[in-house]
Amino acid sequence: GNACTIRTALPPQKEAAIRCCRGRASKVVIQHWDVVKICSTGSNLRIRRAHMMWLIVNFGLLHFLTHLLVVSTLPVDSCPEGREYEVDAYIESSPSSTHWGEWAWDVKPALRVPSGAVVHATCYTAVNWWQRHEERGFAVPEAMKEIHAAGCERENVGDRFPCGKLGPHLMTGPIYVEGAEPGDVLQVDILDVDVITDWGWNMVRPGAGSLKTFAGGFLTIALDLERRVVKPPWGGEVPWNVTGTGPFFGQLGVAPPPERGRVSSVEPSPDFGGNIDNKHLGRGATLYLPVNVPGALFSAGDGHAVQGDGEVCVTALETSLAGVFRLTTRKDLGANSNSSWVPAGRSRPAQLRAETQSHYITMAFAPDLDAAEVDSLEDMLNWMETVTGLAREDLYRLTSLAADMHVTQVVNVNKGVHLLLPKSVLPTNAKPTNRLANAR
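Each residue is numbered by its place in its chain's sequence as written, counting from 1. Predicted model: local features are reported for residues with pLDDT of at least 70 only, side-chain atom pairs are reported and counted for 80 or more only, and whole-chain, interface and lining totals are derived from all residues. Only hydrogens and water are set aside when side-chain values are computed; all heavy atoms of the structure are taken into account.

J.: Please explain the overall build of the protein chain as it appears in this structure.
T.: Put simply, DSSP H or I for four residues or longer makes a helix, DSSP E for two residues or longer makes a strand, and each gets a number counted from the N terminus. Helix and strand counts for the protein chain stand at four helices and 31 strands. Considering the protein chain as a whole, with its 440 residues, one finds that 56% of them fall into the buried category. The long-range fraction of contacts in the protein chain, counting pairs at least 24 apart against all pairs at least 6 apart in sequence, stands at 71%. To measure how exposed things are, a 1.4 Å probe is used in the Shrake-Rupley method; for residues, cover is taken only from the protein chains shown. Of the accessible surface of the protein chain, which amounts to about 18,700 Å², a share of 52% is contributed by carbon and sulfur atoms. When a residue's accessible area, from a 1.4 Å probe over protein chains only, is under 20% of the maximum for its type it is buried; when over 50% it is exposed; and in between it is partly exposed. For this analysis, residues touch if any pair of their heavy atoms sits within 4.5 Å.

J.: In this structure, what is going on with the nonpolar core? I would like to understand it.
T.: General note: in soluble globular proteins, nonpolar side chains tend to be found buried as a group. Buried Ala, Val, Leu, Ile, Met, Phe, Trp, Tyr and Cys residues form a nonpolar core when they are joined through side-chain atoms within 4.5 Å. Of all hydrophobic cores here, the largest spans 49 residues; its most connected members are L252, F298 and F325. Excluding anything up to four places from it in sequence, F325 contacts A117, V118, V119, A121, V188, D189, I190, F249, L252, F298 and A300. Counting residues in each nonpolar core, the second largest holds 20 residues, with F138, V140, I147 and I196 among its members.

J.: Would you take a moment to explain the packing of aromatic side chains for this structure?
T.: The description of an aromatic ring pair uses the distance of the two centres, along with the angle that the planes make with each other. Any pair of Phe, Tyr and Trp rings, taking the six-membered ring for Trp, is counted once the centres come within 6.5 Å. Such a pair is stacked with planes under 30 degrees apart, edge-to-face with planes over 60 apart, and tilted for the rest. Tallying each qualifying case throughout the model produces 10 aromatic pairs. Their ring planes at 55° and their centres at 5.7 Å tell us that W129 and F218 sit as a pair that is tilted. Residue W129 is located in the loop between β14 (117-123) and α1 (130-135), and its partner F218 is located in strand β18 (residues 217-224); the two are separated by 89 residues in the primary sequence. When its relative accessible area of 10% is taken as the criterion, F218 is described as buried. Relative to W383, the ring of W341 has its centre 5.5 Å away and its plane inclined at 70°; by these criteria the two rings are edge-to-face. Here W341 is found in the loop between β27 (321-330) and β28 (352-355), whereas its partner W383 is found in helix α3 (residues 369-388), with 42 residues between them in sequence. For the pair formed by W341 and W383, the shared burial category is buried.

J.: Explain the state of the cysteines here, please?
T.: The bond known as a disulfide is covalent and runs between the sulfur atoms of two cysteines. Cysteine sulfurs are considered disulfide-paired once they come within 2.5 Å of each other. Scanning the model with the defined rule gives one disulfide in all. Sulfur-sulfur distance for the disulfide between C152 and C163 comes to 2.0 Å. Where C152 bonds to C163 through sulfur, the torsion about that S-S bond is close to -85°, and the disulfide is left-handed. Of this pair, C152 sits in the loop between α2 (142-151) and β15 (170-178) while C163 sits in the loop between α2 and β15, and the two are 11 residues apart along the sequence.

J.: What's the story with the side chain of H169 in this structure? I'm lost.
T.: With respect to the element layout, H169 can be found in the loop between α2 and β15. Assessed through its relative accessible area of 13%, H169 is described here as buried. If sequence neighbours within four positions are ignored, H169 has contacts with H99, W100, G101, Q251, S265, V266, N275 and D302.

J.: How should the layout of surface pockets be read in this particular structure?
T.: To find leftover empty space, a probe the size of one water molecule is rolled over the atoms. Looking at the second largest pocket, its volume works out to about 720 Å³. Broken down by secondary-structure element, the contributors of at least two residues to the lining of the second largest pocket are α1, β17 (199-204) and β25 (296-306). Cavity means a closed set of points on a 1 Å grid over the protein atoms alone, one where a 1.4 Å probe fits but cannot get out, pocket means an open set with protein on both sides within 12 Å along at least 5 of 7 lines, and lining means a residue has an atom within 4 Å of a point. Grid points are joined across faces, edges and corners, and a volume is the space filled by probe spheres set on the points.

J.: I tried to follow the pairing of β14 on my own but got confused; where do I start?
T.: Along a regular strand, successive side chains alternate from one face of the sheet to the other. A large share of β14 lies buried, amounting to seven of its seven residues. Going residue by residue along β14, you find A117, V119, A121 and C123 tucked away on one face and V118, H120 and T122 tucked away on the opposite face as well. For two strands to be treated as a pair, DSSP must find at least two bridges joining them. The sheet contact formed by strand β10 (residues 89-91) and β14 spans three bridges and is parallel. Paired with Y90 across the bridge in β14 is H120. Sheet analysis places β14 next to β27, joined by seven bridges and oriented antiparallel. Paired with A121 across the two strands is G323, which belongs to β27.

J.: Where do I start with the pairing of strand β30 (residues 404-409) in this structure?
T.: Sheet topology places β30 next to strand β31 (residues 415-422); five bridges connect them, and they run antiparallel. Bridge pairing in β31 links D404 to L420.

J.: Would you mind showing me how to read the environment of Q251 here?
T.: Structurally, the position occupied by Q251 is in strand β21 (residues 248-253). Setting aside its immediate chain neighbours within four residues, Q251 contacts W103, H169, M171, S265, G274, N275, S299, A300, G301 and D302. Polar contacts involving the side chain of Q251 include one to the side chain of H169, which spans 3.3 Å. What qualifies as a polar contact is a pair of N or O atoms within 3.5 Å, subject to a donor-acceptor requirement within protein and to the restriction that residues adjacent in sequence count only when both atoms come from side chains.

J.: What is the right way to read unusual backbone geometry from this model?
T.: Only a minority of non-glycine residues have a phi that is not negative, and only a minority of peptide bonds are not trans. Cis geometry marks the peptide bond from G173 to P174; its omega dihedral reads 0°. Mapping P174 onto the fold places it in strand β15. In this structure, A296 takes a positive phi of about 70° despite not being glycine. Its place among the elements puts A296 in strand β25.

J.: Sorry, what's going on with the side chain of T315 here?
T.: Structurally, the position occupied by T315 is in the loop between β25 and β26 (317-319). Taking the relative accessible area as the measure of exposure, T315 reaches 10% and is therefore buried. Separated by 2.8 Å, the side chain of T315 and the backbone oxygen of M203 make a polar contact. With residues near it in sequence (within four places) discarded, T315 still touches W201, N202 and M203.

J.: I keep staring at α2 and nothing clicks. Help me out?
T.: At 3.6 residues per turn, the α-helix brings residues three or four places apart onto the same side. Of the positions making up α2, those classed as buried are A143, M144, K145, I147, H148 and G151. Residues of α2 that are buried make contact with β11 (98-100), α1, β15 and β17.

J.: Is there a simple way to explain the environment of E267 in this structure?
T.: Looking at where E267 falls in the secondary structure, it is placed in the loop between β22 (263-264) and β23 (273-275). On a C-alpha basis, the gap between E267 and V411 in space is 9.1 Å, while along the polypeptide they are 144 residues apart. With residues near it in sequence (within four places) discarded, E267 still touches F272, N275, N412, V413 and N414.

J.: Looking at this model, I keep getting lost on the sheet that holds β27. Mind explaining?
T.: Hydrogen bonds along the backbone pair up the strands of a sheet, which may run parallel or antiparallel. Within the open sheet, the nine strands sit side by side as β10-β14-β27-β16-β24-β28-β29-β31-β30. Their pairing is mixed. The open sheet is flanked by β10 and β30, the only strands paired with a single partner. Between one strand axis and the next, the sheet turns by 25° as a mean value, whatever way the strands run. In the sheet, β28 pairs with strand β29 (residues 359-366) via four bridges, with the strands oriented antiparallel. Paired with E355 across the two strands is Y360, which belongs to β29. Under this scheme, a helix contributes an axis fitted over its contacting stretch, all axes are lines through C-alpha atoms, and angles between N-to-C directions fall in the 0 to 180 degree range. Together, β28, β29, β30 and β31 form the strand contacts of α3, whose direction differs from that of β29 by roughly 145°.

Structure below.
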């Protein structure tokens, strides 16, 4: 019914999740051994030093007890508007539910869901260097260690990336979306993003990044989860929203086309997404990805607490995230529907597209930034012709007046450019893209 009781043990340095009432009433993430963060309808509470607890949920009212001892609670900010959703499925990071360093078309699905399902996913940061974080006194989830032990093929012997991998990134998935077929478009609504560890990291690698003259080094950096700030060792604070956005997944994608084989997680691509590193793809954004294989095979990873455009030193504030995604097949936007999204003679859209509540976003990737900026602009004009019905030259003028062109990143081999056009400047008869009436 509307009430349930869960009893759970919380051993030190163990990450876990507690869910009840079909995922509607509560979401609980263990940040580390003595902090529990709960977000439910209208409540966001913290409990300290609760190794064993009873959780009782009844019509959104929360009470907590531990072994005949009532645990005091500290109310903080209420759940942000829009965080009320029903989760249909959960996927936790483990050796059997992650892939490391590459995207491929033949990775075995870790979860199957119907189109339109809402999925809660735990996504750990790169597991290559977990020992360094632990040596610095930070709690490392046991699952990260297990993933490393199961997936490290060999120690680093001069390879570009540790453990014999094609890239350093860890992705949770893939998720098979029933009904998705090659030629379709997968609509990914990012409903929620939360940081789930009180640390992150940043690395400067010699010979990499925009400036290649630094000696380089690896830093584990503390995060204040309650105040949502980074605590860098050189002093000061960096708020997670300092760049105007918030935590987001650098890696969002689907299986690449089979003819591409196994693709490094370093390079983003309009064919499948991957290492997009677009800070605007956080909570509340919608990303559209081409479907290349049955089920799409969606994955997410590479969590960032904060990142500036450019990501100039190769890494952002890398951290572990939990995300909530609604995954919906859009046949009406695909190649089999005579959609204007797919150019003639192609099986998928030319570039990646996204939107937020306030902006349309086009993204392009190329070794040369000049080529990427032209591709992102051309695709915005193509898209807005369909949305607005305006003449292409008028849209070109409007884009020059009102759109912002950003350098997404300059360090992922294929450099990225994204163009943001405010929805507020479009004619009132503009047709929305993010509609689910005919999507399932």
